[in-house]
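So the chains spell out like this:
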Amino acid sequence: MSNLVWAHERLFFNNEAYFDSMLSAIDSAKTCVEFEMYIFNADELGRLFESHLEKAARRGVNVRLLIDGIGALSWLGTWNKSLRQSGVQIRIWNPIYSGPFWSGIIRTIRRKGLSRFFFHVNRRTHRKYLIIDKNLAFVGSQNVSELHDRRLVGNEAWRDIGIELKGDAVKYLTQAFEFAWDRSYTPEGKRKWFKRKRAPRINEQSLVRLNVTPWLRRKFWRDLIRRINSAEKRVWITTPYLAPARFFVRALNNASRRGADVRVLLPARSDVFFMRWVGSWFAHALVRNGVRVFEFQPHFIHAKSIIIDDWAIVGTSNLNIRSLMHDLEVDIVVTGKEPRLELMRQFEDNIQISKELNLRTMSERIWMSRLGRVISAVFKYWV
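Residue indices follow the written sequence of each chain, beginning from 1 at its first position. Where totals are concerned, whole chains, interfaces and linings use all residues; where local detail is concerned, this predicted model gives features only for residues with pLDDT of at least 70, and gives and counts side-chain atom pairs only at 80 or more. As a rule here, side-chain values come from all non-hydrogen atoms in the structure, and water together with hydrogens is ignored.

**Q** Explanation requested: the nonpolar core in the structure shown.
**A** Where a protein is soluble and globular, its nonpolar side chains tend to be buried together. We define a nonpolar core as any set of buried Ala, Val, Leu, Ile, Met, Phe, Trp, Tyr and Cys residues linked to one another through side-chain atoms lying within 4.5 Å. Relative accessibility decides the category of a residue: with a 1.4 Å probe and only protein chains considered, values under 20% of the type maximum give buried, values over 50% give exposed, and everything between is partly exposed. Residues Val208, Ile228, Phe248, Leu252 and Val293 are the most contacted members of the largest nonpolar core, which totals 86 residues. Numbering of helices and strands runs from the N terminus; a helix is a DSSP stretch of H or I covering at least four residues, while a strand is a stretch of E covering at least two. Sorting elements by how many residues they give to this core places helix H8 (residues 170–181) first, with eight residues. Whether two residues touch is decided by their heavy atoms; if any such pair falls within 4.5 Å, the residues are in contact. The residues contacting Phe248, other than those within four sequence positions of it, are Trp221, Leu224, Ile225, Ile228, Ile237 and Leu319. Counting 33 residues, the second-largest nonpolar core is a separate cluster that includes Phe12, Leu23, Val88 and Ile132.

Next comes the structure, spelled out in structure tokens:
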């Protein structure tokens, strides 16, 4: 199968079905499970994933769990020790401290200095993916948190997009996992150096878009801007956090002025209280140039997708400086015609239950926009 087409791809707009498929895949794993997750909570969903990982390890599957040092901070203090006793290997990406919380933080600040500590804290893995037997993968915006599962929190569950994949390009996800695993720490705070793994060698035609090196970050952002600049029909974006670099706003505005249908879908409510203020500032800069901006009404939309003409990606990247400069991200190119049409239909369905912003709406929020401008200017590297 060509690297330019997935052998199998299935989109999920239902988080419950997505989680069930992941758990079923873990149960059917024969050789290995590689699981990288930003937020891994010690809630009912987290315990369910623990149980399935533990069972897989006990029947001889090589199970490795890589979690973020901040995203999984609450889980790190409560995780079930039988998980490791069963054979599950655990690593932590960039832990912010070792030992008791406050003494650990102080020790880290003393060792690194305050400025280096904040730079250190800002480097997260925001990726969320599961690889089964190195040939099946799940990538999405869903964390291991009951906030995403309607069976556990009802209609307030977050809305996301996930994708199930098979194909040659899954190897790039495996390489990305090995690259991060080799640079991560044990729960005891030890860094075990093995033979250094090389960063995945990929280009703009790859179906897996990664940012593990500064070179890859620049490559894929430039490719995205190039695609927006050449868009003829549409640029449809779903993002929970709108705080992009100026060059991205400029590209969207230019596409709108050329006559492309440029729409941006945001949440009306956010899990980060100030992000609506920041988003209002950038939304105003877009609306006044003809870009159509919508706010999703029912609940928090956490999905990340971009559709440019007949090309589309889904994954973990947000439209903010964090994703651009700091966090590890992964996005997947959707290659099948039917999945792309399905993604477009889902976007249009979401628009139908959203409220469009206009210049009058933005003028009523002028204080919010101004406050968002200050926040984005002062704290842009952390937003």
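**Q** What's the story with a nonpolar patch on the surface in this structure? I'm lost.
**A** Within the patch definition used here, like charges are joined within 9 Å and nonpolar side chains (Val, Leu, Ile, Met, Phe, Trp, Tyr) within 5 Å, considering only residues with over 30% relative accessible area and no salt bridge. Per-residue and other accessible areas were derived by the Shrake-Rupley procedure at a 1.4 Å probe size, with only the shown protein chains allowed to occlude residues. Definition used for salt bridges: Asp or Glu carboxyl oxygen within 4 Å of a side-chain nitrogen of Lys or Arg. Taken together, Ile366, Trp367 and Leu371 make up a surface patch of nonpolar side chains, about 280 Å² in accessible area. With respect to the element layout, Ile366 can be found in helix H15 (residues 366–378). We classify Ile366 as partly exposed; its relative accessible area is 35%.

**Q** Is there a simple way to explain the pattern of salt bridges in this structure?
**A** When their charged atoms lie close together, side chains carrying opposite charge are able to pair. Inspection of every chain in the model, using the stated rule, returns 22 salt bridges. Put simply, Glu34 and Lys134 hold a salt bridge, and the shortest N to O gap is 2.7 Å. Of this pair, Glu34 sits in strand E2 (residues 32–37) while Lys134 is found in the loop between strand E5 (129–132) and strand E6 (136–140), placing the two residues 100 residues apart along the sequence. Looking at Glu34, the relative accessible area reads 1%, which means it is buried.

**Q** What's the story with the packing of aromatic side chains in this structure? I'm lost.
**A** Two aromatic rings, taken as a pair, are described by how far apart their centres are and by the angle between their planes. Stacked, tilted and edge-to-face are the three classes applied to pairs of Phe, Tyr and Trp rings, where Trp contributes its six-membered ring and a pair requires centres within 6.5 Å; stacked means planes under 30 degrees apart, edge-to-face means over 60, and tilted covers the rest. Counting across every chain of the model gives 13 aromatic pairs. With a centroid separation of 6.0 Å and an interplanar angle of 80°, the aromatic rings of Phe19 and Phe49 are classed as edge-to-face. Separated by 30 residues along the polypeptide, Phe19 in helix H1 (residues 15–28) and Phe49 in helix H2 (residues 44–58) bring together distant segments of the chain. You'll find Phe19 and Phe49 in the same group, each marked buried. Taking 6.4 Å as the distance between ring centres and 70° as the angle between the ring planes, the aromatic pair formed by Phe35 and Phe40 counts as edge-to-face. Pairwise contacts between aromatic rings join Phe12, Tyr18, Phe19, Phe35, Phe40, Phe49, Trp75 and Phe138 into one cluster. Its end group placed over the ring of Trp311, Arg227 keeps NZ or CZ at 4.1 Å from the ring centre. Criterion for a charge above a ring: Arg CZ or Lys NZ at most 6 Å from the ring centre, at most 35 degrees from the ring normal.

**Q** How do you make sense of the packing of helix H10 (residues 246–258) against helix H11 (residues 275–287) when you look at a structure like this?
**A** The relative placement of two packed helices is expressed as an angle between their axes plus a distance between the axes. Fitting a line to C-alpha atoms yields each axis, with helices limited to the stretch in contact; the angle taken between N-to-C directions then spans 0 to 180 degrees. Contact geometry for H10 and H11: axes closest at 9 Å, N-to-C directions at 30°. Taken together, the axes of H10 and H11 lie roughly parallel to each other. For the crossing formed where H10 meets H11, the hand is right-handed. Listed contacts from H11 to Val249, Leu252 and Asn253 of H10 are Phe282, Ala285 and Leu286. Any residue that is not Ala, Val, Leu, Ile, Met, Phe, Trp, Tyr, Cys, Pro, Asp, Glu, Lys or Arg is counted as polar, Gly included; the first ten are nonpolar and the last four charged. Here the contact of H10 with H11 is composed, by residue class, of five nonpolar, one polar and no charged. What sets the label is the angle itself: under 35 degrees gives roughly parallel, over 145 gives roughly antiparallel, 65 to 115 gives roughly perpendicular, and the rest give oblique. Whether a crossing is left-handed or right-handed is set by the direction in which the near helix is turned from the far one by less than a right angle, anticlockwise for left-handed and clockwise for right-handed.

Keep in mind these values describe shape, not function.
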